[in-house]
Amino acid sequence: MSRGWGPVLLALWLISGSPQAVAQNSVTDGVLINADSMFRDLEKRTVRLEGHVQIVFQGQHLSCDKAMLDLKNQTLRAEGNVILTNEKVHVEGAQVEFNYKQNLGFIYDGFVQSGQVVFEGDIIEKVEKDRYLATNGRYTACETCPAGWSFSGRKIDAELGGYARIRRPIFRIAGVPVLILPSIIVPLKSARQSGFLVPSPDYSRKGGVALSESYFWAISRSQDLTLTGKWYDTRGMKADADYRYVVSENGKGRLKGSWTEDRAFQRTLRDFGFDEYKDRWYLNYSHYYDMPERYVQRADLNLGSDLRLPRDFPSEIKGHGDPALENKASITKFSDDHYFSVEADMYNNLLKTYPLASNEDSVHRVPEIRYSFKEQQLWDNGPLFHFDTNFVSFARERYNYDDVLTGGPEAKIGPHGEVIRDGVYDPKTDFFRTGQRLDIRPTLAYPFQLWRKVDINPSVFLRETQYKFYPTDAAENPADPAEPGFSSSASRRYVQTEITFKTEFSRIFGDLNDPQATRWKHAIEPEIGYSQIPWARRPNHPFFGENEGQQYSRQYDPISETDINNRNSRLQFDYEDRTFERRVMDFGLTNRFTRKTWLNSNPEYRTAVLFRLGQAYDFKEADSPTPHPWSSINSLLDARFQHFETYTTASFNGYAKVTNTSSRVKIMVTPTNYLQVAYSRNYILTDDYVVADETRNVGIGAGMNTKYIDIMGQVDFLARTFKVQAWKYLLNIRPPGRCWHIRFEHNQVVGSDDPTIKGSIAFDFGGENKGPSF
């Protein structure tokens, strides 16, 4: 049987203008009928129709070879190439018997199609408006014939927009039976529905063969819950839960967790001498909520039983490859003139070998309070005023300082990740890690323009920083009277002045006579700035080091192990604690290509290419015994075209003769058909510009999208040794019919020699699937 007759058939027939068709038109008992020949039996109250029969009733159109209307019983029987259509369903069959008033009846040796959903059966009874009962039926949502997959069953009870209940179903692929079940219920609507999902297998060396089964519970329109049971051949059972909710248009959250009795993990613990049993669990909670009065509440919590969870379950638990798991909660307030936030950040240190190592050495920011008064003009044509303040409390589980013992870095950590301590504070070597910091920064600026070409912006700001520490008695009152001790408070304040000069040279390219032509603008923006600290009071305190030789150009270098024995920078809370003298000249040059196009008579602007160079000269550093006044030459190239993208940064240090580079180049035929190469090279330098360490990484990725196959892959490796760090590829197969897809994933994460293979099959029972995406 053919499928897909359009509901416009009747409209075409009505306007066809055929004299014969018009001559045979009739309206009987509210039913519009037309045929080549009609025969009325007034006594029996029947109408027999033959030849190109057309019947319209209850908003439906029926066509067939012949039909009989029983006006007394309000029924019709149609035979031969029967097609019945309305705006929702399409029905075909060898014979149809219907009550045209109740719109109920039987379809013999036919099918019912709604969208992509199709039911076939020897007998299909329409028992309600959208409910059908099929005997010896077959159901599918595939467009192909034979169907890519289908269920056949003794009885099929289907409600369009609801569910299909199939007794004794046989699951078939391309018509071949592969699975027999006692019964099954499948959803026939695009809205979220409760039910079991298709089982998903995977494999890894440590976990062995694994099989998971999930139940999806559509609690309400605004919340749902997915419960998953997963069995591992070597790990054992694992239970997962994933709860999602929506509280408003801009408010939503998610709570995920798992629990497992991991036999493989027990073997890992025995290697560390831990013989007790240890359950494994994790909990992740994320939340975002726009509240009244422009308040925003956020939360992102990540808790776990051990430090190896992100490594063993990287696809389920985030954090693998990060130095710490971050737990954060905040509330912020925005207004036209003010910004205010309160935030708590707690960290779980992952840089330990022992999975059950304590977290007592992590330093948390609880709380951090920020307030900013946005830039405002004080009076007409007056200066602009801006104010920032930040308060942080740095807290720790137990000890307020770190012991730095002799014998090298390996002597600081015990076999189970514990910090080895001698219990005696030494201000020359030990580091205070807890305390409070209040930072206040008011700023005045007076920007103006010369000759409408040169932008000049002089500014001055005062920075006041107050510290409060919690030292032990031994720290404040050392046994050696010659030691200065560690004061419980310190303050730093300085005044900084700045002035910048900036201008622009530009040219427009394109058809200047056509007001809506595509145009390009090339702008060159040179910039020079000078800043200095004419007055500063820096604390003479062990927390800050000796403050000699601190180079401004390295102010924002990340804190690393090189700071542990650095007498200048020391190991402080963060780079905001670094103190330095400043007399610096900054040079910058920006090239910008901007494209102007038109969309519906509205102009659209897009920066296609941005290239920026910058360097600084430190006059204070030039007066030092071993001067290194020039900073690194920093460059940025950001280019975005239809078929090409790159984002490249480079920083060349002229004294070490090395360049830190990070580059990504992407070539695209379409957004999903691409080739991408990434490269990074990073040097860690001492204060004397000697290379302390170097890392080089290369990543290659590609994606291909076709009608039936999607594939995407990525491999990352160390460039110096060509050792693969991580790799991953995904394969989606969409057989013809737009009704199911097969997903295959194979990956290995950084730091693991345990590749994971995962597979899944997703079926579109309701015919709404548009294909998977990566």
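Residues numbered from 1 in each chain as written. Predicted model: local features only at pLDDT ≥ 70, side-chain atom pairs only at ≥ 80, totals over all residues. Heavy atoms only, no water.

Digging into the overall build of the protein chain
Argument step 1. Of the regular secondary structure elements, the protein chain holds 6 helices and 46 strands.
Argument step 2. When the 774 residues of the protein chain are sorted by exposure, 40% land in the buried category.
Argument step 3. A fraction of 48% describes how many contacts in the protein chain between residues 6 or more apart in sequence connect residues 24 or more apart.
Argument step 4. Element-wise, carbon and sulfur atoms account for 55% of the exposed surface of the protein chain, whose accessible area totals about 41900 Å². (Helix = DSSP H or I, 4+ residues; strand = E, 2+ residues; numbered from the N terminus. Buried < 20%, exposed > 50% of the residue type's maximum accessible area, 1.4 Å probe, protein only. Contact = heavy atoms within 4.5 Å. Areas by Shrake-Rupley, 256 points an atom, 1.4 Å probe, with all protein chains shown as cover.)

As for the pairing of strand 30 (residues 435-445)
Argument step 1. Where strand 27 (residues 384-396) lies against strand 30, 11 bridges are found, and the strand directions are antiparallel. If you follow Val392 over to strand 30, its bridge partner there is Arg437.
Argument step 2. Sheet analysis places strand 30 next to strand 32 (residues 454-468), joined by 8 bridges and oriented antiparallel. Looking at strand 32, one finds that Thr443 is bridged to Phe461. (Pairing = 2+ DSSP bridges.)

Examining the state of the cysteines
Argument step 1. Tallying each qualifying case throughout the model produces 1 disulfide.
Argument step 2. Each sulfur of the disulfide joining Cys142 and Cys739 lies 1.7 Å from the other. A torsion of 75 degrees about the S-S bond marks the disulfide between Cys142 and Cys739 as right-handed. One end of the pair, Cys142, is in the loop between strand 10 (131-140) and strand 11 (149-159); the other, Cys739, is in the loop between strand 44 (723-733) and strand 45 (740-748), with 597 residues separating them in the sequence.
Argument step 3. Owing to a relative accessible area of 3%, Cys142 belongs among the buried residues under this scheme. (Disulfide = S-S within 2.5 Å.)

Remarks on the environment of Leu133
Argument step 1. With respect to the secondary-structure elements, Leu133 resides in strand 10.
Argument step 2. Judged by relative accessible area, Leu133 falls into the partly exposed class, the value being 30%.
Argument step 3. Sequence separation between Leu133 and Arg165 is 32 residues; the distance between their C-alpha atoms is 9.6 Å.
Argument step 4. Non-local contacts of Leu133, meaning those with residues more than four positions away in its chain, are made with Ile123, Ile124, Glu125, Val127, Ile156 and Asp157.

Remarks on a nonpolar patch on the surface
Argument step 1. Together, Leu589, Phe611, Leu613, Ile633, Leu637 and Phe652 make up a nonpolar patch on the protein surface, roughly 420 Å² of accessible area in all.
Argument step 2. Secondary structure elements with two or more residues in the nonpolar patch: strand 37 (602-618) and strand 38 (633-640).
Argument step 3. Tracing the backbone shows Phe611 in strand 37.
Argument step 4. Phe611 sits in the partly exposed class, given a relative accessible area of 32%. (Patch = residues over 30% accessible without salt bridge, like charges linked within 9 Å, V, L, I, M, F, W, Y side chains within 5 Å. Salt bridge = Lys/Arg side-chain N within 4 Å of Asp/Glu carboxyl O.)

A few points about empty space enclosed by the protein
Argument step 1. Taken as a whole and assessed by the stated rule, the structure comprises 3 cavities of 30 Å³ or more.
Argument step 2. Its boundaries defined by the atoms lining it, the largest cavity holds a volume of some 270 Å³.
Argument step 3. Lining the largest cavity we find 21 residues, and of these Ser204, Asp312, Phe313, Pro314 and Thr756 sit closest to its centre.
Argument step 4. Looking at the lining of the largest cavity element by element, the count peaks at 3 residues for strand 45.
Argument step 5. Its residues assigned to classes, the lining of the largest cavity shows 4 nonpolar, 7 polar and 10 charged.
Argument step 6. Taken as a whole, the second largest cavity spans an internal volume of roughly 50 Å³.
Argument step 7. Looking at the lining of the second largest cavity, the elements with two or more residues in it are strand 33 (489-503) and strand 35 (519-537). (1 Å grid on protein atoms, 1.4 Å probe; cavity = no way out; pocket = protein on both sides within 12 Å on 5 of 7 lines; lining within 4 Å. Points joined across faces, edges and corners; volume = space filled by probe spheres on them. Nonpolar A, V, L, I, M, F, W, Y, C, P; charged D, E, K, R; others polar.)

Without other data, these values stay purely geometric and don't point to any function.
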